[in-house]
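Summary of structural features
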Amino acid sequence: KKAARGRPQPRCDYQSTPSSSSRRGSETAAPEEKRTKQKGTRGMKWVGAPLKETMQGTTKLTYYRSANLTSGTTVSVGDCVFLRAPNGQDPYLARVLCLWQAGDQNMFRAEWFYRVEDTFLGAAGKRKFPNPREVFMSDFTDDNFLTTVEDTCSIAYVPVGESLMAVMHGKHSFFYQRKYLPKARSFIKVTEQDERDRIADLKNTSIGLKSEAKQGLAGPTLPRSRR
């Protein structure tokens, strides 16, 4: 049986929330990647005036709404993005919760989506969820370098039973109807009220800051093998 692939550890040295290792869940962590200073930031530009400035210890944090990446892609709070994955694997998928500069590091907070093969079901899950464009939202967040973003994508909420035609627009389009709960090894339906609450939560932060959000949850690691 093909094992579920493991997601890398957070790709940053600086953490504005407790480190993922300190809030790790019960799932087995993938081997930790070698952490290096971010590269390739020349040409990256923040868009607009700073939304907020604060201090984390001796490090100044400056938050922004959007950033223009070196690739020419503009990423904003609330966008969904592809993140670089190792060894030619399909890109990881996440939603951007906030963007900031910490010293000379350009960061974002990722709220992760899972492909079915990344869940406890492994590759066998494709029989239960055969649509390759279906992904699963989660409560897992961590902080990453902006240089890990490859491109933006569309991940739309579609209630169970409704048509996908309006949201499927090519290879950069995905949809979700369920949330994945790794500890419970289960999936739950995302209701329309859940989605309204999620959108309101992001808007109510005014500037997309999530520094107090979801603390105490496990980081976005995945099991190296199904159990």
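Everything here concerns the structure above.
Here's a quick rundown of the structure. None of the values given here were measured: they were computed from a predicted structure. (Residues numbered from 1 in each chain as written. Predicted model: local features only at pLDDT ≥ 70, side-chain atom pairs only at ≥ 80, totals over all residues. Heavy atoms only, no water.)

Observations concerning the overall build of the chain
- Across its full length, the chain carries two helices and 12 strands.
- Each helix and strand of the chain, placed in order from N terminus to C terminus, yields the pattern β-β-β-β-β-β-β-β-α-β-β-β-β-α.
- With 227 residues in all, the chain has 48% of them scored as buried.
- The contacts in the chain between residues at least 6 apart in sequence include a share of 66% that link residues at least 24 apart. (Helix = DSSP H or I, 4+ residues; strand = E, 2+ residues; numbered from the N terminus. Buried < 20%, exposed > 50% of the residue type's maximum accessible area, 1.4 Å probe, protein only. Contact = heavy atoms within 4.5 Å.)

Here we look at the nonpolar core
- Within the largest apolar cluster, 20 residues are counted, with the highest numbers of intra-cluster contacts made by W46, L83, L99, F108, L146 and V149.
- Those elements that provide at least two residues to this core are β6 (80-83), β7 (92-102) and β8 (105-115).
- When residues in this core are grouped by element, the largest group, four residues, is from β7.
- F82, L93, M137 and I155 belong to the second-largest nonpolar core, a separate cluster that totals 12 residues. (Core = buried A, V, L, I, M, F, W, Y, C linked by side-chain atoms within 4.5 Å.)

Overview of the sheet that holds strand β1 (residues 45-47)
- Here we have three strands laid out as an open sheet, ordered β1-β4-β5, and antiparallel in their pairing. Here the strands that pair on one side only, and so sit at the sheet edges, are β1 and β5 (74-76). Between one strand and the next, the sheet's axes are offset by a mean angle of 25 degrees, whatever the strand orientation. (Pairing = 2+ DSSP bridges. Axes fitted to C-alpha atoms, helices over the stretch in contact; angles between N-to-C directions.)

What to know about the pairing of β7
- The element β7 is extensively covered by neighbouring structure, given that 10 of its 11 residues are classed as buried.
- Relative to β7, strand β3 (residues 59-64) runs antiparallel, the two sharing four bridges. Note that in β7 the partner of T62 across the bridge is Q101.
- Pairing of β6 with β7 involves four bridges; the strand directions are antiparallel. Pairing of F82 across the sheet is with L93, part of β7.
- Between β7 and β8, which pair antiparallel one after the other, the connecting turn spans two residues, and G103 there sits at a positive phi close to 65 degrees.

Digging into the packing of aromatic side chains
- With the rule as written, the count across this model stands at 14 aromatic pairs.
- Judged by centre distance (5.9 Å) and plane angle (80 degrees), the rings of F82 and F174 are edge-to-face. Pair noted here: F82 is in strand β6 and F174 is in strand β11 (residues 173-181), with a separation of 92 residues, a long-range link. In this pair, the class of F82 matches that of F174, namely buried.
- Ring geometry for F129 against F136: centres 4.9 Å apart, planes inclined by 70 degrees, an arrangement best described as edge-to-face.
- Accessibility expressed as a relative area gives 0% for F136, which makes it buried.
- Following the ring pairs from residue to residue traces out a cluster consisting of Y114, F120, F129, F136, F140, Y180 and F187.
- If you follow R133 out to its NZ or CZ, it ends over the ring of F174, 5.1 Å from the centre. (Phe/Tyr/Trp six-rings, centres within 6.5 Å; stacked < 30°, edge-to-face > 60°. Lys NZ or Arg CZ within 6 Å of the ring centre and 35° of its normal.)

In short, geometric facts, not functional conclusions.
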